[in-house]
Structure formats: C-alpha cells, structure tokens
Amino acid sequence: TKLSLSSNMIEKLTNFTNFHNLRILSLGRNNIKSFAGLEAVGDTLEQLWISNNLIEKMKGVSVFKVLKVLYISNNMVKDWSEFMKMIDVPTIEELNFVGNPLEERFSGDGTWRDEVQRRLVSVQKLDGLPLIRDVSDDSFRTQSVAADAANGGDALDDPHTALQDQKQQ
C-alpha cells in the first residue's frame, strides 16, 4: 500500500495506527521536523520519501524495521552524530541525502561517498548512484559509477572483472 501526502504543509505526523499494510509513504515538500508519529508504521514501511522538509535530527529513525529506501534529501541534517542514527536501520539499501548540510560539506571535498560507504555498509545505492564494494582485502572501498566511467565503464556489467582490472593498475 502507498500513501502520498506530499506538498500539504504538514508539520506533525499523527494517526498512522490504522495503516497496518503501509509499505510506501511519500511526505516530501512539507514542514516536517522529525520522524515522531511514524512509530505505528515502523514494522511495515519499506520506503519513506521525506525530502524537502525541515529534518535536522534523526531521532526516531530506528523505529523502521524493514525500511529499504530512504529519500531524505534537502533537509537540514548537518552532523555525523545524527547521520549515524541510521545505523539502527540495517535494512537501508538506497539512500538519497543530497542537499543536507552534511552531504554538501563532504561532497565539496570529495569524501562524501567514501564516508557513507564506511559508516553504513548496507547502503547499495547512494544519491542515485550504485556503490560497488571491494571486499577482497577485508576492507570496504567505494567505487562510484562516475569513477567507473572514467576507468572504462565495465564495473556495472561485471563487477568482478572491473575490480580485477583495477587491482592490476
């Protein structure tokens, strides 16, 4: 089940107790400041689209037990301590965080993708681009699609070949 409440000037989230089968919730372009009120859908929600709001603190994100997709771009998260609250949601595979002060600061110096990769190992797609991991030497390393394109573009077709090619360089 999907529910779209985008662009409604919503400030507080309440009355989700009857949405027992809710899988996708779209709350973009509102005035939401927190995840408070979403506890009732924490066991079923697989996708939360909450971009373009006023979220600065990630308190309450841990209620999402099966969340796979979190679109939280263009909010106000500025600290790693807040970002790291997402570690309590190990099911997140896709994260869009563009436009938050934290992302802008670390994208500016070119370390954003590596930092997220290191901190949230479950994320497979970040800000619209797949992450490719090399675990052959027991350390995680990120190779973005952009970097892959600069190296010949084979990684998306065959990640193992691309990683072998990269090691030979």
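Coordinates for the structure precede this section.
Residues numbered from 1 in each chain as written. Predicted model: local features only at pLDDT ≥ 70, side-chain atom pairs only at ≥ 80, totals over all residues. Heavy atoms only, no water.

Caption draft 1: Layout of the packing of aromatic side chains. Taken as a whole and judged by the stated rule, the model has nine aromatic pairs. Taken together, a centroid distance of 5.8 Å and an interplanar angle of 50° make the contact between phenylalanine 16 and phenylalanine 19 tilted. Looking at phenylalanine 19, the relative accessible area reads 31%, which means it is partly exposed. Seen in terms of ring centroids, tryptophan 80 and phenylalanine 83 are 5.1 Å apart; in terms of plane orientation they differ by 85°. Their pairing is edge-to-face. With tryptophan 80 and phenylalanine 83 both in helix H1 (residues 80-83) and three residues apart, this pair spans about one turn of that helix. Assessed through its relative accessible area of 13%, tryptophan 80 is described here as buried. Ring-pair connections join several aromatic residues into one group, and the members of that group are Trp80, Phe83, Phe97, Phe106 and Trp112. Above the face of the tryptophan 80 ring, arginine 119 is positioned so that its terminal group lies 3.8 Å from the ring centre. (Phe/Tyr/Trp six-rings, centres within 6.5 Å; stacked < 30°, edge-to-face > 60°. Buried < 20%, exposed > 50% of the residue type's maximum accessible area, 1.4 Å probe, protein only. Helix = DSSP H or I, 4+ residues; strand = E, 2+ residues; numbered from the N terminus. Lys NZ or Arg CZ within 6 Å of the ring centre and 35° of its normal.)

Caption draft 2: Fine view of the pattern of salt bridges. Applying the stated criterion across every chain yields a total of six salt bridges. Between arginine 23 and glutamate 46 there is a salt bridge; the shortest N-O distance is 3.8 Å. With arginine 23 in the loop between strand E1 (2-4) and strand E2 (24-26) and glutamate 46 in the loop between E2 and strand E3 (47-49), this residue pair connects regions lying 23 residues apart in the sequence. Note that glutamate 82 is salt-bridged to lysine 57, the shortest N-O span being 4.0 Å. On the criterion of sequence distance, the pair formed by glutamate 82 in helix H1 and lysine 57 in the loop between E3 and strand E4 (69-71) is long-range, its members being 25 residues apart. Using a relative accessible area of 6% as the deciding quantity, one classes glutamate 82 as buried. (Salt bridge = Lys/Arg side-chain N within 4 Å of Asp/Glu carboxyl O.)

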